[in-house]
Amino acid sequence: MQVTVGLVLQVLLVSAVSLIAPVAAAQPAQTGGSGFPVPRFVSLKSDRVNMRKGPGTDYPTAWVYRRAGLPLEVIKEFEGWRQVRDADGAAGWVLQSFLSGRRTALVLPWDIKPGAPVPKVALRRDDSERARAVAMIEAGVIANLTSCDGRWCRVNIDKFQGYIEQKKLWGVYEGEVIN
């Protein structure tokens, strides 16, 4: 009888672990090896950054970014390398030392169409569609994020400061709050 009870307890324990394990495995990692959340947004520190096909200098260069401050999304980490994705969906690996935690965003990058006029969005004085426009900002411009409340982001663009609707920016998640 004692063996049967022990066997039943082992079966129950194994069953409980097998029920929990798939749930844990199905959930995405909350933090990478760096301790920071994955995915997350970062920006480029330099005007010349190689994006490689794999996590190391032995891998060929897939793309060269030439725009400091450009936002990228970190989607994976491997040692000192970060797999990133840009606003166009291109993905590759960048050495972590070329990335900054400074938050930036692209204004309406999905609205830029070759041969068409560049769309513009109002940079508003306050976080309201009725607020006065401080400037008209072209799609593709990099905005420095100061804060976001889930609907509006306070940004700096050159000498201008104001608010842009969060949904018009690539470099901040929907509903994300930045203080």
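A brief report on the enclosed structure follows.

Scoring rules and cut-offs
- Numbering of residues starts from 1 in each chain and follows the order in which that chain's sequence is written.
- The predicted origin of the model limits local features to residues at a pLDDT of at least 70 and limits the giving and counting of side-chain atom pairs to 80 or more, whereas totals for whole chains, interfaces and linings rest on all residues.
- With hydrogens and water stripped out, all remaining heavy atoms of the structure feed into the side-chain values.
- Secondary structure elements are taken from DSSP: a helix is a run of H or I of four residues or more, a strand is a run of E of two residues or more, and numbering for both begins at the N terminus.
- Whenever two N or O atoms come within 3.5 Å, that pair is a polar contact, provided that in protein one can donate a hydrogen and the other can accept it, and provided that, for residues adjacent in sequence, both atoms are side-chain atoms.
- Note on definitions: a residue-residue contact is assigned when non-hydrogen atoms from the two residues lie within 4.5 Å.
- Take the buried residues of types Ala, Val, Leu, Ile, Met, Phe, Trp, Tyr and Cys, join any two whose side-chain atoms come within 4.5 Å, and each joined set is a nonpolar core.
- Remark: exposure states derive from per-residue accessible area (1.4 Å probe, protein chains only) relative to the maximum for the residue type, with buried under 20%, exposed over 50%, and partly exposed in between.
- Two cysteine sulfurs form what is called a disulfide whenever their separation falls within 2.5 Å.
- Just to be clear on terms, a salt bridge is a Lys or Arg side-chain nitrogen sitting within 4 Å of an Asp or Glu carboxyl oxygen.
- A pair of strands is considered paired only if DSSP assigns at least 2 bridges between the two.

## Remarks on the side chain of serine 100
And step 1. Examined against the element boundaries, serine 100 turns out to sit in strand S7 (residues 99-100).
And step 2. There is a polar contact of 3.0 Å between the side chain of serine 100 and the backbone nitrogen of arginine 102.
And step 3. In this view, serine 100 contacts Val42, Ser43 and Lys45; residues no more than four positions away in its chain are not counted.

## Concerning the nonpolar core
And step 1. Core analysis: the largest hydrophobic core is formed by 18 residues, its most contacted members being Leu145, Val155, Ile164 and Leu169.
And step 2. Every element with two or more residues in this core is listed here: strand S8 (104-107), strand S9 (120-124), strand S10 (133-138), strand S11 (142-149) and strand S12 (152-157).
And step 3. Residues in contact with leucine 169, not counting those within four places in the same chain, are Ala105, Leu106, Val107, Trp110, Leu145, Cys153, Val155 and Ile164.
And step 4. Among the nonpolar cores identified, the runner-up in size contains 15 residues, and Tyr65, Val84, Leu99 and Ile142 belong to it.

## Description of the state of the cysteines
And step 1. Scanning the model with the defined rule gives one disulfide in all.
And step 2. There is a disulfide in this structure between cysteine 148 and cysteine 153, and the S-S distance comes to 2.1 Å. Residues cysteine 148 and cysteine 153 are joined by a disulfide whose S-S torsion is about 110°; by sign, that bridge is right-handed.
And step 3. By relative accessible area, cysteine 148 is classed as buried at 3%.

## Comments concerning the pattern of salt bridges
And step 1. Taken as a whole and assessed by the stated rule, the structure comprises six salt bridges.
And step 2. Between lysine 167 and glutamate 165 there is a salt bridge, with its nearest N and O atoms 3.8 Å apart.
And step 3. Using a relative accessible area of 61% as the deciding quantity, one classes lysine 167 as exposed.
And step 4. Through salt bridges with shared partners, one network takes in Arg40, Glu77 and Arg82.

## Points about the pairing of strand S4 (residues 71-78)
And step 1. Relative to S4, strand S1 (residues 40-44) runs antiparallel, the two sharing four bridges. In the strand pairing of S4, arginine 40 is matched with valine 74.
And step 2. By the bridge criterion, five bridges tie S4 to strand S5 (residues 81-85) in an arrangement that is antiparallel. If you follow phenylalanine 78 over to S5, its bridge partner there is tryptophan 81.
And step 3. In this antiparallel pair of consecutive strands, S4 and S5, the connection spans two residues, and glutamate 79 shows a positive phi of 50°.

## Quick word on the side chain of arginine 40
And step 1. Tracing the backbone through its elements, the reader meets arginine 40 in strand S1.
And step 2. Of note is the side chain of arginine 40, whose polar atom sits 2.8 Å from the backbone oxygen of proline 37.
And step 3. Among all residues touching arginine 40, those that are not within four sequence positions of it are Ser34, Leu72, Glu73, Val74, Glu77, Arg82 and Tyr173.

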